[in-house]
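# Descriptive structure summary
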Amino acid sequence: MGYANGKSKDSGDSSDAQWTSSEWADTADDYNDVADRAARAAREDRRWDKLSNAVTDFQAAMEQMAKVEDDSLPQADRDTARAEIDRLDVQAIHRVISQECRKAQAQ
């Protein structure tokens, strides 16, 4: 996930460029390995549950963002995807991932 010293390597990029639907979908797919590794760690040691769940939620939010940005979908579907992103609370997900990665680095 690119965490070093408690910060994401990607966190410095505050570009206002909007991602396309396919970029969101590709990025969500890129997180399959990360999500699988976190799930395996959580299966072996319950301390990794929060991180595993947060990574899975983050991946789900990216998948929904791909729908939001997909102009070929009906507006109702895009609105439903936006509501799901709001329900997932991406800021809370990011906070959990940051906290759990910091704890892991401190061990």
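Presented here is an overview of the structure given in this document. Owing to the predicted nature of the structure, the values given are computational and were not obtained by experimental measurement.

## Let's talk about the pattern of salt bridges
Counting across every chain of the model gives six salt bridges. Residue aspartate 33 is joined to arginine 37 by a salt bridge in which the shortest nitrogen-to-oxygen separation is 3.2 Å. In this pair, aspartate 33 and arginine 37 are both assigned in helix 2 (residues 32-44), four residues apart and thus about one turn of the helix distant. For the salt bridge of aspartate 71 with arginine 78, the shortest nitrogen-to-oxygen distance reads 3.2 Å.

## Quick notes on helix 5 (residues 90-106)
Over its 17 residues, helix 5 extends 24 Å from the first C-alpha to the last, a length consistent with the 24 Å expected when each residue adds 1.5 Å. Listing the buried residues of helix 5 in full gives Ala92, Ile93, Ile97, Ser98, Glu100 and Cys101.

## Focus on a negative patch on the surface
Where like charges cluster on the molecular surface, the negative patch consists of Glu23, Asp26, Asp29, Asp30 and Glu63. Among the elements that take part in the negative patch, helix 1 (residues 21-30) stands out by supplying four residues, more than any other. In this structure, aspartate 26 sits in helix 1.

Rules of the game
- Residues numbered from 1 in each chain as written.
- Predicted model: local features only at pLDDT ≥ 70, side-chain atom pairs only at ≥ 80, totals over all residues.
- Heavy atoms only, no water.
- Salt bridge = Lys/Arg side-chain N within 4 Å of Asp/Glu carboxyl O.
- Helix = DSSP H or I, 4+ residues; strand = E, 2+ residues; numbered from the N terminus.
- Expected span 1.5 Å × (residues − 1).
- Buried < 20%, exposed > 50% of the residue type's maximum accessible area, 1.4 Å probe, protein only.
- Patch = residues over 30% accessible without salt bridge, like charges linked within 9 Å, V, L, I, M, F, W, Y side chains within 5 Å.
- Areas by Shrake-Rupley, 256 points an atom, 1.4 Å probe, with all protein chains shown as cover.
- Lys, Arg positive; Asp, Glu negative; His and termini not counted.
- Charge placed at Lys NZ, Arg CZ, Asp CG, Glu CD.

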